[in-house]
Amino acid sequence: MSTFFTVVLIILCAAALVYDICCFISWSRAKEKTFISNILALAGILVLAVGGLFVKNTIHSVLLISLVVLLIPFDITCLSPEGIRTAIFADKGILPVQNLSYEYSKGMFGVEKLDLFINDKKFARGFNLGIKKPKTVKMLADWYGKHGYENPLTK
């Protein structure tokens, strides 16, 4: 069972590494970019990292913590004037801005959050890290369509 778990962790780390490299290639192609994320998603990764510290098998612990580090780009979204930058193998690394719109709203505990839509269907929701940076607000206001409301941060 231990060997099976080791092999699974190695495969997951390799797949995550390939995905990360493809994301970094796509992100590097954007001349202007900003990054947003969700604090709960990053907190989940932190919980997995702490859990990896308590695994008794050293190899499993190292592989699990490595996997957690490699999963961080999964929870980060790169916005550019061309659209959302994704892994290079998916749609040539970009979701075009023509299909995207956004909306700011209040989330739990009154925290402002950013929701993204593709063709008027909710694509990603609950971003709360990096959404108030002037660069992010300007990029959204200049390039992305508003989803049926006035952006309160640009007033």
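Here's a quick rundown of the structure. What you see is a predicted model; the values in this text were computed from it and never measured.

### Structural notes on the overall build of the protein chain
Here comes step 1: When helices and strands are tallied, the protein chain shows four helices and eight strands.
Here comes step 2: Starting at the N terminus, the α and β elements of the protein chain follow one another as α-β-α-α-β-β-β-β-β-β-α-β.
Here comes step 3: Counting only C-alpha atoms and orienting by the principal axes, one finds that the protein chain spans roughly 55 × 40 × 25 Å.
Here comes step 4: When burial is assessed residue by residue, the protein chain has 39% of its 155 residues classed as buried.
Here comes step 5: Taking contacts inside the protein chain between residues at least 6 apart in sequence as the whole, the part at least 24 apart equals 60%.
Here comes step 6: A total of about 9100 Å² of accessible surface is found on the protein chain, and carbon and sulfur atoms cover 68% of it.

### Structural notes on the pairing of strand S7 (residues 121–127)
Here comes step 1: Relative to S7, strand S6 (residues 112–118) is paired through four bridges, and the arrangement is antiparallel. Paired with Phe117 across the two strands is Lys122, which belongs to S7.
Here comes step 2: Remark: two residues form the turn of the hairpin made by S6 and S7, two consecutive strands paired antiparallel; Asn119 in that turn has positive phi of roughly 50°.

### Quick notes on a nonpolar patch on the surface
Here comes step 1: On the surface, Leu46, Val50, Leu53 and Phe54 cluster together into a nonpolar patch covering about 450 Å² of accessible area.
Here comes step 2: Inspection of the secondary structure assignment puts Val50 in helix H2 (residues 39–53).
Here comes step 3: For Val50, a relative accessible area of 39% puts it in the partly exposed group.

### Considering the layout of surface pockets
Left-over empty space is what a probe sized like a water molecule reveals as it rolls over the atoms.
Here comes step 1: Taken as a whole, the largest pocket holds about 250 Å³ of empty space.
Here comes step 2: Looking at the largest pocket, the residues that line it are Asn38, Ile39, Leu40, Gly107, Met108, Phe109, Val111, Lys113, Gly126 and Asn128.
Here comes step 3: For the lining of the largest pocket, a count of residues per class yields five nonpolar, four polar and one charged.
Here comes step 4: Its volume calculated, the second largest pocket comes out at about 160 Å³.
Here comes step 5: If you trace the second largest pocket, you find 15 residues lining it, with Tyr19, Ile76, Thr77, Arg85 and Thr86 closest to the centre.
Here comes step 6: The set of elements that each furnish at least two residues to the lining of the second largest pocket consists of helix H1 (2–29), strand S2 (76–80), strand S3 (83–85) and S7.

### Quick notes on the nonpolar core
Here comes step 1: By size, the foremost hydrophobic cluster in this structure holds 17 residues, and its most contacted members are Leu79, Leu114, Leu116 and Tyr144.
Here comes step 2: Looking at this core, the elements that each hand over two or more residues are strand S5 (100–106), S6, S7 and helix H4 (134–143).
Here comes step 3: Ignoring any residue separated from it by four or fewer positions in sequence, one finds Leu116 in contact with Ile36, Leu79, Ile84, Ser101, Tyr102, Lys121, Lys122, Phe123, Ala124 and Phe127.
Here comes step 4: Of all hydrophobic cores here, the second largest spans seven residues; its members include Leu9, Cys13, Leu63 and Leu64.

Analysis parameters
Residues numbered from 1 in each chain as written. Predicted model: local features only at pLDDT ≥ 70, side-chain atom pairs only at ≥ 80, totals over all residues. Heavy atoms only, no water. Helix = DSSP H or I, 4+ residues; strand = E, 2+ residues; numbered from the N terminus. Buried < 20%, exposed > 50% of the residue type's maximum accessible area, 1.4 Å probe, protein only. Contact = heavy atoms within 4.5 Å. Areas by Shrake-Rupley, 256 points an atom, 1.4 Å probe, with all protein chains shown as cover. Pairing = 2+ DSSP bridges. Patch = residues over 30% accessible without salt bridge, like charges linked within 9 Å, V, L, I, M, F, W, Y side chains within 5 Å. Salt bridge = Lys/Arg side-chain N within 4 Å of Asp/Glu carboxyl O. 1 Å grid on protein atoms, 1.4 Å probe; cavity = no way out; pocket = protein on both sides within 12 Å on 5 of 7 lines; lining within 4 Å. Points joined across faces, edges and corners; volume = space filled by probe spheres on them. Nonpolar A, V, L, I, M, F, W, Y, C, P; charged D, E, K, R; others polar. Core = buried A, V, L, I, M, F, W, Y, C linked by side-chain atoms within 4.5 Å.

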